[in-house]
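For reference, the chains in residue letters:
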Amino acid sequence: MGVNFLLNWLVLTSFIGSTSQLQYSTRHNESLNNEVRKKRMTKLEMSQALAKESKLAWQMFQKYYKCIETKNSNFLKIRDEVDWKLKQEGKDLDLSCQICERHDQPLDSYSIEWRRKPVDSNTEITIQPDRHRIRINQKKDLFIKELKMEEAGLYMCLKDGEYEAVYNVDIIINEQYALVAAPGKKGRSSRNDTVLTKNNLHIFTTWSTWTTCNTCNKIGQKRKIGICTIKKIDQAAVSTPNDIWQLKHSPKGLPCRSTVLPDTIKTLAGIKNRLSETMVVDCYVPCPTLPAIKYITDKSGKLLDTVHAAEGFYSLHEESPVIQHLATRKTIYEVAGRGILLICPHDEAKSKVVRWQNGTLPYNPITVRRNSRGRVRIGAQNGLHIRRLRETDDNVLISCWISGEMVAVFRIHITKKFNKNLKDYVVYVGFCLTSLTICCIGCNTCCNRKNKSIR
């Protein structure tokens, strides 16, 4: 019996050992398979990432190559042309350096600078950015706020000493615009082209693109500006009475009020009395669709919150919403009888139509000048001009709107005109008091000296 027990114990031990060894080998094989699978997945992910990066790099290279190809193809066409920029004094200027950027070579690795060559000067001045008016962004584009007359001239962007872009910036003090009606509408029509064959000059209007509609879901306005332009009829022929090189190097033409044009050309018939033009038409665009109701859920799909975004609600389970820009508020103090110019403080105030309102009453840019008999008008640069302020204009609230959003509110406060005679009286009284004080001090000093001498 002891022998049987011993045999049974040996058989059971060997079975347990073989089972445990089989389990160990199975676990070991599974771990090896998992490692192999992980390595395979890692290689697959790496290959996908490399393919994605290669595709992105190829797209960047194609973009760079297309930029270079475009610049090379346009080189022969633009080498004798100058890009003219006509700006009013006090307006902003933005110029692009037009550099073809490579992904593997950041722009900071190049020596890039902007230079300006003033009018009637051969000296090139390096433009240094500051924190207020002049700045250069990461793409090396130039931005200048509130242009001054002395900043007119030739602007050049150089990369490693080579010219990338050249602009001739012409600054004028005041450009007058005539409001014209659209084709087929009643009102003043746009002027036709004028050809001065004897002078080899062609006068026409260069139109900008239409701005966006200034409101939605109701009748609004959009606008475009036409600049009086002059160019040669035959570029190779001589123009009279003056044949200036700027006309030869400007196939697209020069503004009629350009400072580079001599007075002998500006006073020619067909140029002297020709104004630039502004065209304003009605427009209608639908408003964007309202956002749908959002359902906030967790990772398991459990509903946490229901948000009506169209009504301006946000969920605490979302990221903090972006705070909307608050309208700028400003008080204008001016004397009755004088005029003011209101400018809407917004970056898109030039590219879009600005809607001006007197309280809740909007100004119609087409009829406001006629209805106010010229006292109130909206200029071509979207500025609101008010002439001859009245006492009734005191505490009037005027707001400007862009794309349906209020940008700024101006409160006009009429002050009393200071009496010039009263100013003279104040000066006279002050002079008399000062003279009397000096006399009293002198008399007192003399009396003190006399008393000392008697003692």
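Above: the structure in question.
Let me sum up the structure you'll find in this document. Note that the structure is predicted; figures quoted are calculated from it, not measured. (Residues numbered from 1 in each chain as written. Predicted model: local features only at pLDDT ≥ 70, side-chain atom pairs only at ≥ 80, totals over all residues. Heavy atoms only, no water.)

**A few points about the overall build of the protein chain**
Of regular secondary structure, the protein chain possesses five helices and 24 strands. Buried positions account for 30% of the 455 residues belonging to the protein chain. (Helix = DSSP H or I, 4+ residues; strand = E, 2+ residues; numbered from the N terminus. Buried < 20%, exposed > 50% of the residue type's maximum accessible area, 1.4 Å probe, protein only.)

**Thoughts on a nonpolar patch on the surface**
Among the surface-exposed residues, Ile 293, Tyr 295 and Leu 303 lie close enough to one another that they form a single nonpolar patch of about 330 Å² accessible area. Here Ile 293 lies in the loop between strand S14 (276–283) and strand S15 (294–297). With relative accessibility at 41%, the residue Ile 293 sits in the partly exposed group. (Patch = residues over 30% accessible without salt bridge, like charges linked within 9 Å, V, L, I, M, F, W, Y side chains within 5 Å. Areas by Shrake-Rupley, 256 points an atom, 1.4 Å probe, with all protein chains shown as cover. Salt bridge = Lys/Arg side-chain N within 4 Å of Asp/Glu carboxyl O.)

**Notes on the nonpolar core**
Taken as a class, soluble globular proteins show a tendency for nonpolar side chains to be buried jointly. Leu 342, Trp 356, Tyr 363, Leu 384, Ile 386 and Ile 398 are the most contacted members of the largest nonpolar core, which has 22 residues in total. Taken together, the elements giving at least two residues each to this core come down to strand S18 (340–342), strand S21 (376–378), strand S22 (384–386), strand S23 (396–402) and strand S24 (405–415). In terms of residue count, S24 provides more of this core than any other element does, five residues in total. (Core = buried A, V, L, I, M, F, W, Y, C linked by side-chain atoms within 4.5 Å.)

**Quick word on the state of the cysteines**
Across all of its chains, the model carries five disulfides by this definition. Disulfide pairing places Cys 213 opposite Cys 283 at an S-S distance of 2.0 Å. An S-S torsion of about 90° defines the bridge between Cys 213 and Cys 283 as right-handed. You can see Cys 213 sitting in the loop between strand S11 (201–207) and strand S12 (220–232) and its partner Cys 283 sitting in strand S14, a full 70 residues away along the chain. Given the relative accessible area of 15%, Cys 213 is considered buried. Taking relative accessible area as the criterion, Cys 283 reaches 9% and is therefore assigned buried. (Disulfide = S-S within 2.5 Å.)

**Digging into the packing of aromatic side chains**
Counting across every chain of the model gives two aromatic pairs. Centre to centre, the rings of Trp 114 and Tyr 167 are 6.4 Å apart; their planes meet at 25°, and the pair counts as stacked. With Trp 114 in strand S3 (residues 112–118) and Tyr 167 in strand S8 (residues 162–172), this residue pair connects regions lying 53 residues apart in the sequence. The same class applies to Trp 114 and to Tyr 167, which are both buried. When the ring of Trp 356 is compared with that of Phe 410, the centres are 6.1 Å apart and the planes differ by 35°; the resulting orientation is tilted. (Phe/Tyr/Trp six-rings, centres within 6.5 Å; stacked < 30°, edge-to-face > 60°.)

Honestly, it's all geometry; don't read function into it.
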